[in-house]
Amino acid sequence: MTPRALLRLVATTCAAVLLLASCAGGDKSTMAGKVSSADHMTIGVSFDQPGLGLRRLDGSFRGFDVDVAKFIANELGVAEQDITWKEAQPGNRETLLTSGEADMVVSTYSITEKRKQLVDFVGPYFVAGQDLLVRIHENRIDGPKSLVKGLNLCSTAGSTSAAYVKDQFAKDVNLVEYAKFSDCVTALLANNVDAVTTDDVLLAGYAAQNPELLRVVGAPFSKEEYGVGLRRNDPTSKSKVHAALQKMIDTGAWRKSLEANIGSSGYKIPDPPKLAP
């Protein structure tokens, strides 16, 4: 073999090795490639939302959003034990993504035009309606229009729920905001507020925890489309997350998770929504 032929053989072999390494590790410039290469993923979920995202006393996580996150991670090549869970609260979800603290956020994250200026969404993977949670014997409140002056309405800072009620229905109601919805529920049980507002599926979980004390009014008045939050300008990862969500719906895993996590609350399981392209 001539020296020139040998040089060509070495160059070809090196190129093939580099190509195989690249294919094995994925494109690390994308979220999907990075987490696949690292066999690790950091996902933002709620820690205090029964039925959706709840950290249990043993440190494990359970809920529909948690199942969605695990399904997507698995499709990206990351096993459940290789997920780091980070608490996502209504006021910090965009920051978790834009700062790189989380690779993905799955936390009853309503898709809005304002939020789409900061992050990307894949979904909707669930559609809820805003409602009210009240004490079991409350007879003054039967919907948002009954939230009159003198009543205290609780929601979380950074959520769309409280602002929507104030703007559309009850401008005179006194708005009380906490960092977590569980704090609002505690305030409701302690008679410090008169109602809590957020999405009906979330309120159903809290009512199921306290069936003799709390109830959902049952008059939803908005449409909340949940999306998986991702950093912007990463179409490759967005496409892979979309494919994972569609697979979860098509295989029946989507409905099975909802029935396991929400069914006992009496909440009517809806049909899966159509994912946006």
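This text gives an overview of the structure that appears in the document.

### Topic: helix 3 (residues 64-75)
The end-to-end C-alpha distance of helix 3 is 17 Å, a good match for the 16 Å that 12 residues give at a rise of 1.5 Å each. The complete set of buried residues in helix 3 reads F64, D65, V66, V68, A69, F71, I72 and A73. Once helix 3 ends, the next one or two residues include G77, with phi positive near 95°.

### Some words on empty space enclosed by the protein
Enumeration according to the criterion identifies 2 cavities of 30 Å³ or more in this entry. Roughly 100 Å³ of internal volume is contained in the largest cavity. If you trace the largest cavity, you find 13 residues lining it, with R93, T108, S110, S159 and D199 closest to the centre. In terms of residue class, the lining of the largest cavity is made up of 2 nonpolar, 7 polar and 4 charged. If you add up the space inside the second largest cavity, you get close to 50 Å³. In terms of lining, the second largest cavity is formed by S46, F47, D48, Q49, E87, A88, Q89, P90, K180 and F181. Classifying every residue of the lining of the second largest cavity by side-chain character gives 4 nonpolar, 3 polar and 3 charged.

Definitions and limits used
- Residues numbered from 1 in each chain as written.
- Predicted model: local features only at pLDDT ≥ 70, side-chain atom pairs only at ≥ 80, totals over all residues.
- Heavy atoms only, no water.
- Helix = DSSP H or I, 4+ residues; strand = E, 2+ residues; numbered from the N terminus.
- Expected span 1.5 Å × (residues − 1).
- Buried < 20%, exposed > 50% of the residue type's maximum accessible area, 1.4 Å probe, protein only.
- 1 Å grid on protein atoms, 1.4 Å probe; cavity = no way out; pocket = protein on both sides within 12 Å on 5 of 7 lines; lining within 4 Å.
- Points joined across faces, edges and corners; volume = space filled by probe spheres on them.
- Nonpolar A, V, L, I, M, F, W, Y, C, P; charged D, E, K, R; others polar.

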